[in-house]
Amino acid sequence: MATTIVTSPSKIRDAIRTALSRAPACIAVPFWGCDSVEKLGLDKPKHASTKILCNLSAGGCNPDVIRQLLEKKRQVRALASLHAKVYLGAEAVVVGSANASRDGLGLLEDSGWNEACVLV
């Protein structure tokens, strides 16, 4: 079993996409931001059975993104105390500090945050 630590935003996005490349997927990530659905490939039909657990009460989720996930028939549930960041695919998992947000995925030029994840 190969394990890789990733710290650059583009490599974190690539690692998450790799983990989610084979459905089914289960994702426990509290905060979701603009462009995350497309950047992680969750807009693809193969993710129709993807299950997502997020935190809707802390104010870090963009409601338009959650609405987009629901419109695409993704199974979305909320847990107010969720802080974990786990992207579990059929053959790989990414665990770390990166939310599915613009800051967490490095979609902004300089967010000021340094994320780290492990791809297994």
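Structure shown above.
Attention here is on the structure that accompanies the text. Please read all numbers here as calculations on a predicted model, not as lab measurements. (Residues numbered from 1 in each chain as written. Predicted model: local features only at pLDDT ≥ 70, side-chain atom pairs only at ≥ 80, totals over all residues. Heavy atoms only, no water.)

1. Regarding the overall build of the chain
No. 1: A tally of regular secondary structure across the chain gives 3 helices and 7 strands.
No. 2: Moving toward the C terminus, one meets the helices and strands of the chain in the order β-α-β-α-β-α-β-β-β-β.
No. 3: Whereas a compact globule of 120 residues would reach a radius of gyration of roughly 14 Å, the chain reaches 13 Å, a difference of no more than 12%.
No. 4: For the chain, the residues scored as buried account for 38% of the 120 residues in total.
No. 5: Carbon and sulfur atoms form 54% of the exposed surface of the chain, whose accessible area is close to 6500 Å².
No. 6: On the chain, the mean spot of the 15 positive side-chain charges and the mean spot of the 11 negative ones are 8 Å from each other. (Helix = DSSP H or I, 4+ residues; strand = E, 2+ residues; numbered from the N terminus. Rg over C-alpha atoms; globule rule 2.2 N^0.38 Å. Buried < 20%, exposed > 50% of the residue type's maximum accessible area, 1.4 Å probe, protein only. Areas by Shrake-Rupley, 256 points an atom, 1.4 Å probe, with all protein chains shown as cover. Lys, Arg positive; Asp, Glu negative; His and termini not counted. Charge placed at Lys NZ, Arg CZ, Asp CG, Glu CD.)

2. Structural notes on the sheet that holds strand β5 (residues 86-88)
No. 1: What the 7 strands build is an open sheet, ordered β1-β7-β6-β5-β2-β3-β4; its pairing is mixed. Both outer strands of the open sheet, β1 (4-6) and β4 (75-78), are each paired with one neighbouring strand and no more. Strand-to-strand, the axes of this sheet are offset by a mean angle of 15°, without reference to chain direction.
No. 2: As paired strands, β1 and strand β7 (residues 117-119) are joined by 3 bridges and run antiparallel to one another. Within the sheet, the bridge partner assigned to Ile-5 lies in β7 and is Val-118. (Pairing = 2+ DSSP bridges. Axes fitted to C-alpha atoms, helices over the stretch in contact; angles between N-to-C directions.)

3. Things to note about the pairing of β4
No. 1: As paired elements, strand β3 (residues 51-54) and β4 share 4 bridges and run parallel to each other. Looking at the pairing, Leu-53 lines up with Arg-77 of β4.
No. 2: For the crossover that starts at β3, traverses helix α3 (residues 63-71) and ends in the parallel β4, the hand is right-handed. (Right-handed = clockwise from strand over helix to strand, strands pointing away.)

4. A word on the pattern of salt bridges
It is possible for side chains of opposite charge to pair when their charged atoms get near one another.
No. 1: If you walk through the whole model with that rule in mind, you get 4 salt bridges.
No. 2: In this structure, the salt-bridge partner of Arg-102 is Asp-35, at a minimum N-O distance of 3.0 Å. Of this pair, Arg-102 sits in the loop between β6 (93-96) and β7 while Asp-35 sits in the loop between β2 (26-28) and α2 (36-39); the two residues are 67 residues apart in sequence, bridging distant segments of the chain.
No. 3: According to the relative accessible area criterion, Asp-35 is partly exposed, its value standing at 38%.
No. 4: For Arg-67, the salt bridge is made with Asp-64, and the minimal N-O distance between the two is 2.6 Å. Of the two residues, Arg-67 and Asp-64 both sit in helix α3, 3 residues apart, roughly one turn of that helix.
No. 5: Assessed through its relative accessible area of 44%, Arg-67 is described here as partly exposed. (Salt bridge = Lys/Arg side-chain N within 4 Å of Asp/Glu carboxyl O.)

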